[in-house]
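One-letter residues, chain by chain:
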Amino acid sequence: MFVAVVHRGGAVAAERIARALSPIDDQWRGPLVVTTSGDAALASRGGSQAPVSAVAPTGALQFGAPASDGSVGSGTRVAIGPDGIRVVRGVPCGQSVYLAHTDEFAVVAGRFDVVEAATRQAGCRGDVDRDWAAGTALLLRPEGHRTAQRGIERLVAGEERDVFVGGSRRRFEGAPLAEQAFSPDEAADALWSTLRDAVRRQLAGARRVAILLSGGLDSSGVLAALIAEARGASIDELRVLTWHFSAAGNDDRPYVDALAKAYGIVPLPLLPRDASATAQDGLILAGLPYPMLSASLEIQANAYAASLGADVLVTGAGGDEVLAGPLQALSQMLFRAPLATVRHVLALEVPWPTTRRGRLLDYLVRPLLRPLLPPSLRLRGWLAREQGWVSWTGPYGRAYQERRGRAEAARRMVPRNADERLARVVSHSGFDTYADFRTQLEYALPTHAASGVRRVDPLLDAELVRFLASLPPKLLQDGALHRGLWRRALRGHVPDFVRLRRTKGDLDGAFGLSQPYSSAEFQEFIDVPRELVALGIVNATPWVTYRDAVRNAPDDEKRGAALGFIYAACTVEHWLRARKRALR
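Residues numbered from 1 in each chain as written. Predicted model: local features only at pLDDT ≥ 70, side-chain atom pairs only at ≥ 80, totals over all residues. Heavy atoms only, no water.

Q: Whenever I open this one, the packing of helix α22 (residues 540-551) against helix α23 (residues 556-563) confuses me. Can you help?
A: Contact pair α22 / α23: the axes reach a minimum separation of 8 Å and the direction vectors enclose 155 degrees. With respect to each other, α22 and α23 are oriented roughly antiparallel. Only R559, A562 and L563 of α23 make contact with α22, whose side of the interface consists of Y546, V550 and R551. (Axes fitted to C-alpha atoms, helices over the stretch in contact; angles between N-to-C directions. Helix = DSSP H or I, 4+ residues; strand = E, 2+ residues; numbered from the N terminus. Parallel < 35°, antiparallel > 145°, perpendicular 65-115°, else oblique. Contact = heavy atoms within 4.5 Å.)

Q: How do you make sense of unusual backbone geometry when you look at a structure like this?
A: Backbone geometry follows two general trends: most residues other than glycine have a negative phi, and most peptide bonds adopt the trans configuration. Cis geometry marks the peptide bond from V91 to P92; its omega dihedral reads 0 degrees. Along the polypeptide, P92 turns up in the loop between β7 (84-89) and β8 (98-101). A positive phi angle, close to 65 degrees, is found at L139, a residue other than glycine. Assignment of secondary structure puts L139 in the loop between α3 (130-137) and β10 (152-154). Unusually for a residue other than glycine, A286 sits at a positive phi of about 55 degrees.

Q: When you look at the pairing of strand β1 (residues 2-7) in this model, what are you seeing that I'm missing?
A: Regular strands show a simple pattern: their side chains alternate between the two faces of the sheet. With six of six residues buried, β1 lies mostly within the body of the structure. Residues F2, A4 and V6 line one face of β1 and the alternating positions V3, V5 and H7 line the opposite face, and both faces are buried. Alignment of β1 against strand β3 (residues 40-45), held across five bridges, turns out to be antiparallel. Residue pairing for β3: V6 is matched across the bridge by A40. Relative to strand β9 (residues 105-109), β1 is paired through five bridges, and the arrangement is antiparallel. What sits directly across from V5, in β9, is V107. (Buried < 20%, exposed > 50% of the residue type's maximum accessible area, 1.4 Å probe, protein only. Pairing = 2+ DSSP bridges.)

Q: Would you take a moment to explain the sheet that holds strand β15 (residues 268-270) for this structure?
A: Paired through backbone hydrogen bonds, the strands of a sheet run either parallel or antiparallel to each other. Taken in spatial order, the five strands of this open sheet run β15-β14-β13-β18-β19, and their pairing is parallel. This sheet does not close on itself; its edge strands, each paired only once, are β15 and β19 (454-456). When the angles between neighbouring strand axes are averaged without regard to direction, this sheet yields 30 degrees. Pairing analysis gives three bridges linking strand β13 (residues 208-212) to strand β18 (residues 312-314), with the strands arranged parallel. Bridging across to β18, A210 finds its partner in L313. Sheet strands in contact with helix α5 (residues 217-231) are β13, β14 (237-243) and β18, and its direction is about 160 degrees off that of β13.

Q: Is there a simple way to explain the environment of A118 in this structure?
A: The topology assignment puts A118 in helix α2 (residues 112-121). Separated by ten residues in the primary sequence, A118 and V108 have C-alpha atoms spaced 9.8 Å apart.

Q: Help me out: how do you make sense of the pattern of salt bridges in this one?
A: When charged atoms on two side chains of opposite charge get close, those side chains can pair. Applying the stated criterion across every chain, the model contains 47 salt bridges. As a salt-bridge pair, E349 and R502 come within 3.3 Å of each other at their nearest N and O atoms. In this pair, E349 sits in the loop between α9 (338-347) and α10 (356-369) while R502 sits in the loop between α18 (496-499) and α19 (508-514), placing the two residues 153 residues apart along the sequence. Look at E349 and you get partly exposed, because its relative accessible area is 33%. (Salt bridge = Lys/Arg side-chain N within 4 Å of Asp/Glu carboxyl O.)

Q: Got a minute to help me understand the environment of C93 in this structure?
A: Relative to the elements of secondary structure, C93 occurs in the loop between β7 and β8. Among the residues examined, C93 registers a relative accessible area of 2% and is labelled buried. Measuring from C-alpha to C-alpha, the distance between C93 and V108 comes to 17 Å, with 15 residues separating the pair along the chain. With sequence-adjacent residues up to four places away left out, C93 is seen in contact with S74, F431, D432, A435, R438 and L460.

Q: In this structure, what is going on with the nonpolar core? I would like to understand it.
A: As a rule of thumb, nonpolar side chains are buried together in soluble globular proteins. Core analysis: the biggest nonpolar cluster contains 77 residues, and V3, V107 and W392 have the highest contact counts within it. Of the residues forming this core, the biggest block, six residues, is contributed by helix α24 (residues 567-582). The next biggest cluster of nonpolar side chains, apart from the first, holds 60 residues, and it includes L195, L217, Y263 and L460. (Core = buried A, V, L, I, M, F, W, Y, C linked by side-chain atoms within 4.5 Å.)

Q: Sorry if this is basic, but what is going on with the packing of helix α11 (residues 375-389) against helix α12 (residues 395-410) here?
A: Packed helix pairs are characterised by how far apart their axes lie and by the angle those axes make with each other. Running from amino to carboxyl end, α11 crosses α12 at an angle of 130 degrees, the nearest separation of the two axes being 9 Å. Considering the angle they form, α11 stands oblique to α12. The two elements α11 and α12 meet at a crossing, and its hand is right-handed. Contacts from P375, R378, L379, W382, L383, E386 and Q387 in α11 reach R398, Q401, E402, R404, G405, R406, E408, A409 and A410 in α12. (Left-handed = near helix turned anticlockwise from the far one by under 90°.)

Q: Help me understand the sheet that holds strand β2 (residues 32-37) in this model?
A: As summarised here, the arrangement of the six strands in space is β2-β3-β1-β9-β8-β10, forming an open sheet in which the pairing is antiparallel. Where the open sheet ends on each side, the last strands, each with one partner, are β2 and β10. Strand-to-strand twist of the sheet, defined as the mean angle between neighbouring strand axes without regard to direction, takes the value 15 degrees.

Q: It is not clear to me how the pairing of β8 should be interpreted in this structure. Could you clarify?
A: Where β8 and β9 come together, four bridges link them in antiparallel fashion. Residue pairing across strands places L99 opposite V108, the latter belonging to β9. Here β8 folds back onto β9 in antiparallel fashion, the turn holding three residues. Where β8 lies against β10, three bridges are found, and the strand directions are antiparallel. Across the sheet, the residue bridging to L99 is E153, located in β10.

Q: What is the right way to read α9 from this model?
A: Since the α-helix packs 3.6 residues into each turn, any two residues three or four apart lie on the same face. Along α9, the positions that sit buried rather than exposed are T341, H344, V345 and L346. For α9, the elements touching its buried residues are α10 and α16 (473-476).

Q: Is there a simple way to think about the packing of aromatic side chains in this case?
A: Think of a pair of aromatic rings as described by two things: how far the centres are apart, and how the planes are tilted against each other in angle. One pass over the full model with this rule turns up seven aromatic pairs. Here Y255 and F497 contribute two aromatic rings whose centre-to-centre distance is 4.8 Å and whose plane-to-plane angle is 20 degrees, an arrangement assigned as stacked. In this pair, Y255 sits in helix α6 (residues 253-263) while F497 sits in helix α18, placing the two residues 242 residues apart along the sequence. Take Y255: its relative accessible area is 13%, and that puts it in the buried class. A cation over a ring is seen here: R130 above Y396, with NZ or CZ 3.8 Å from the ring centre. A cation over a ring is seen here: R501 above Y255, with NZ or CZ 3.8 Å from the ring centre. (Phe/Tyr/Trp six-rings, centres within 6.5 Å; stacked < 30°, edge-to-face > 60°. Lys NZ or Arg CZ within 6 Å of the ring centre and 35° of its normal.)

Function cannot be read off these values alone, since they describe shape.
Rendered as structure tokens:
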């Protein structure tokens, strides 16, 4: 964790502010290290959120895994010098970075609440950004650099910023990505090798490792790579955690059992119902709403990993996007091999309900026709889908949806080459927003014992993501099963019962079990979100109708699925009320 300050009054004044911000709470572990240069100061602490390395000869601090060539990779890098602060956020999801300017100084930190505290101490008003509140509450990722408070920005993935008193310079850089030609077997071998390298990089020397295993393709592949590392003596201790609950139709437990038998491991069960004790506290983490419905489950997993003495908790996050690529990109193959492409899409098995006709329309026909449609028609279709999911918007919320819809209608749907596929993963997937949430989680309340454990996502390693984006879309979907290349790469490493599974598990049942529906505190936020109604983001009447549907859902699985569409709004409502009380 870090905080950097550049001050008009010089390095002494900058250091004073950096030191004052560092003990904002007891999440800062280890001794405080402060360096100065020019008019700037940089403070960091040791512990599990310490920088993984100092970069010679600049002395820059690297948080998260650098690339093999020494560049920022999927981490975040910060340095100070005579010209101020330089910070780089890696692709696709380096650690979160927030910054703000006051009349006397500029501050950059990895946590929003640290920057917010600095602006408050400088006498800034700190008005809520209404568009940010709307985007978060309506399940639309807030655009670009917006944050909860006007005057505080966030860096997006792939951004480099020079920060000085009174302003900053912004750059986006990245080497061009060429498309690679492999046979399926060559690509599969290269993918497995790249995964092994990614796991090694992301662990960054951690010796006591826990992994969150679902029994799906993604976490199973990462587990196989971890076990290979453990056999190579680079890991001293490997613990496997898994959420244990029944799920209608897509139960993961038989697949977890198969992995346990194949590898001789004993997975440690996490019971979602036990997570409900932390659900209330999980609404706000590190000073911001945590709008992911998985909050209490993730706090539970982090806390258990911490209790086992783990240095890191590894996940399979990101696989759905990076290992499959955009299926609509298959339409670009029609111009080269039309009959083969049609046959491939007709035969393709995906783990969600679809038909042969539906696949042809969704992956081939609509992507080609979309650019020919007038923007007004594309906007109408986008709004129908969004407002079907989120039916309780107020006047400002609906206007915000329409504005976002116009931007989506103008966006190119189908990436045409490797660079555009990489850009889609970086910008459209929201992985940098996910990384912001991941940082919040790492600094969860100390009463949960969840702090002190670093989250590691090898499938979001920068070099692995670039490699997959460089492959032709048809190669990623090799064979008749969805994500065929990944399945081919796991041959001999993952049991076929798991590797060839046709279904995909979900956490709806776990979500339903992990929420304290009967608690008075939770009911307060779900009842009528008065602050969001006052902002015009929510319309109270349809909200109440939907809320009652959640309360009356016939089982935990349906309740969890329904809650997903209003949970984010509940977290924003809680945050708005807490902020209002704090400013009185």
